Amino acid sequence: MKRNTPLITLLTGAALGVVLLISSMLANPSSAPPNYSAAAASSAAPASSAAPASSAAPAESATPAESSEAPEQSPAAAPSPAPTRTTPTRADFAGRVGGGGGSVAVAVHGDKAIAYVCNGSTVEGWMRGKVQGDKLVLTGKNNTHLTASYHAGKVTGDVAAHGTDYSFSVSTVSKSSGLYQATAEVQGKKIKVGWIVLDDNTQVGSVETDEKGENAVTAPKLDVATMTARIGNVVLHAVPVSGVTGSGF
């Protein structure tokens, strides 16, 4: 009996070790070896870090970065260009009024105009005003007024002075023709004289015998070469009223 005791003890210990090993395996049937788990973890890490990069790119392109600059303003609409002026800006016109009862002269210099109408005696008047496109609206003393349009070297309209109305259509004139004026003092009174000289060398003129221009008489003949005329002993020195040169404006 004593000889078999160590063998039995050895066998009993071996059997107990086998039982413990089987129990341990049954308790963790799917546990992987340590080396396998570490490799799996290291291979999974790059995949998880790459995933956000691929998903972030579309988001960035879909939503553009907000700019701090103010939105660009639409340019203001360009103003419409001013209509081209086809009428002359510097010109002199003169001619007889309708019916031949007198003459009218018009001088245009830029945006200003001067006109004179007379019948060679009691009907006469000076007018001034602005050029409005191809329209002239000029006024003067004693309700003297002129309304006309001008183009293609001609002025056409109506003029009134001392209660007399005239219609007219007059053309441009040559250098020595056109409108002339002179002022002087005669017998203590200031007078103003106007002459209209036509291209056929005929002329007509009147003298305002008072500063208000209420009364007029026939003017002496103007010597165009010397630009002088006489009233008694008084020599009148005339000057042209010309839109071409700007004289008299």
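Scroll up a little and you will see the structure.
Engineer: Looking at this model, I keep getting lost on the sheet that holds strand 8 (residues 164-172). Mind explaining?
Structural biologist: Sheet strands pair by backbone hydrogen bonding; their relative direction is either parallel or antiparallel. The strand order around the closed barrel built from eight strands is 1-2-3-4-5-6-7-8, with neighbouring strands paired in antiparallel fashion. Neighbour to neighbour, the strand axes of the sheet diverge by 25 degrees on average, direction disregarded.

Engineer: Help me out: how do you make sense of empty space enclosed by the protein in this one?
Structural biologist: The method is simple in principle: a probe with the dimensions of a water molecule rolls over the atoms, and the space it marks as empty is what remains. Here the structure, examined in full by the defined rule, presents one cavity of 30 Å³ or more. Looking at the largest cavity, its volume works out to about 40 Å³. Taken together, Asp92, Phe93, Ala105, Val106, Ala107, Gly178, Leu179 and Val241 make up the lining of the largest cavity. Secondary-structure elements contributing two or more residues to the lining of the largest cavity are strand 1 (90-96), strand 2 (103-109) and strand 9 (178-186). With three residues, strand 2 is the largest single contributor of residues to the lining of the largest cavity. Broken down by class, the residue content of the lining of the largest cavity amounts to six nonpolar, one polar and one charged.

Engineer: Explain the layout of surface pockets to me, please; I cannot follow it from the model alone.
Structural biologist: In this model, the largest pocket occupies a volume close to 320 Å³. Every residue lining the largest pocket is counted, 23 residues in all, and those nearest its centre are Trp126, Lys141, Lys192, Glu208 and Glu211. Going through the elements one at a time, strand 4 (124-132), strand 9 and strand 10 (189-197) are the ones with two or more residues in the lining of the largest pocket. With five residues, the single largest contributor to the lining of the largest pocket is strand 4. Taken together, the residues of the lining of the largest pocket sort by class into five nonpolar, ten polar and eight charged. By volume, the second largest pocket is sized at about 270 Å³. Lining of the second largest pocket is provided by 17 residues; of these, Asp92, Ser174, Lys175, Ser177 and Ser242 occupy positions nearest its centre. The greatest single-element share of the lining of the second largest pocket, amounting to three residues, is contributed by strand 9. Tallied by class, residues from the lining of the second largest pocket come to eight nonpolar, seven polar and two charged.

Engineer: Would you explain the environment of Gln187 in this entry?
Structural biologist: If you trace the backbone, Gln187 turns up in the loop between strand 9 and strand 10. Its relative accessible area of 81% is what places Gln187 among the exposed residues. Sequence separation of Gln187 and Val234 is 47 residues, and the distance between their C-alpha atoms is 9.6 Å.

Engineer: Whenever I open this one, the pattern of salt bridges confuses me. Can you help?
Structural biologist: Opposite charge on two side chains permits pairing when their charged atoms draw close. One pass over the structure, following the stated rule, counts two salt bridges. Across the pair Arg96 and Asp200 runs a salt bridge whose closest N-O atoms are separated by 3.3 Å. Taken as a pair, Arg96 in strand 1 and Asp200 in the loop between strand 10 and strand 11 (203-208) lie far apart in primary sequence, 104 residues in all. A salt bridge links Asp111 to Lys130; the shortest N-O distance between them is 3.9 Å. Here the residue Asp111 occupies a position in the loop between strand 2 and strand 3 (112-118), and Lys130 occupies one in strand 4, the gap between them amounting to 19 residues. Residue classification places Asp111 among the partly exposed positions, given a relative accessible area of 41%.

Engineer: When you look at the nonpolar core in this model, what are you seeing that I'm missing?
Structural biologist: As a rule of thumb, soluble globular proteins bury nonpolar side chains together. Counting 23 residues, the largest nonpolar core has Phe93, Val108, Leu136, Leu146, Val155 and Phe168 as the members making the most contacts within it. Looking at this core, the elements with two or more residues in it are strand 1, strand 2, strand 3, strand 4, strand 5 (135-139), strand 6 (145-151), strand 7 (154-161) and strand 8. Setting aside its immediate chain neighbours within four residues, Phe168 contacts Val97, Gly98, Val104, Leu146, Ala148, Val155, Thr156, Gly157, Asp158 and Val159. Of all hydrophobic cores here, the second largest spans 14 residues; its members include Ala182, Ala219, Leu222 and Ala238.

Engineer: Any chance you could explain the environment of Asp199 here in plain terms?
Structural biologist: Relative to the assigned elements, Asp199 resides in the loop between strand 10 and strand 11. Contacts of Asp199, omitting those with residues within four sequence positions, involve Thr172, Val173, Ser174 and Ser177. Within polar-contact distance, the side chain of Asp199 engages the side chain of Ser174 at 2.9 Å. A polar atom in the side chain of Asp199 sits 2.9 Å from the side chain of Ser177.

Engineer: Would you mind showing me how to read the sheet that holds strand 15 (residues 239-241) here?
Structural biologist: Strand order in the open sheet formed by five strands is 12-11-10-9-15, with antiparallel pairing between adjacent strands. Two strands in the sheet have a free side with no partner beyond their single neighbour: strand 12 (216-218) and strand 15. Going across the sheet, the axis of each strand differs from the next one's by a mean of 30 degrees, ignoring polarity. Summarising the sheet, strand 9 and strand 10 pair through nine bridges and their orientation is antiparallel. Paired with Ala184 across the bridge in strand 10 is Ile191.

Thresholds applied
- Residues numbered from 1 in each chain as written.
- Predicted model: local features only at pLDDT ≥ 70, side-chain atom pairs only at ≥ 80, totals over all residues.
- Heavy atoms only, no water.
- Pairing = 2+ DSSP bridges.
- Helix = DSSP H or I, 4+ residues; strand = E, 2+ residues; numbered from the N terminus.
- Axes fitted to C-alpha atoms, helices over the stretch in contact; angles between N-to-C directions.
- 1 Å grid on protein atoms, 1.4 Å probe; cavity = no way out; pocket = protein on both sides within 12 Å on 5 of 7 lines; lining within 4 Å.
- Points joined across faces, edges and corners; volume = space filled by probe spheres on them.
- Nonpolar A, V, L, I, M, F, W, Y, C, P; charged D, E, K, R; others polar.
- Buried < 20%, exposed > 50% of the residue type's maximum accessible area, 1.4 Å probe, protein only.
- Salt bridge = Lys/Arg side-chain N within 4 Å of Asp/Glu carboxyl O.
- Core = buried A, V, L, I, M, F, W, Y, C linked by side-chain atoms within 4.5 Å.
- Contact = heavy atoms within 4.5 Å.
- Polar contact = N/O pair within 3.5 Å; in protein donor to acceptor, adjacent residues only side chain to side chain.

That's the geometry; what it means functionally is another story.
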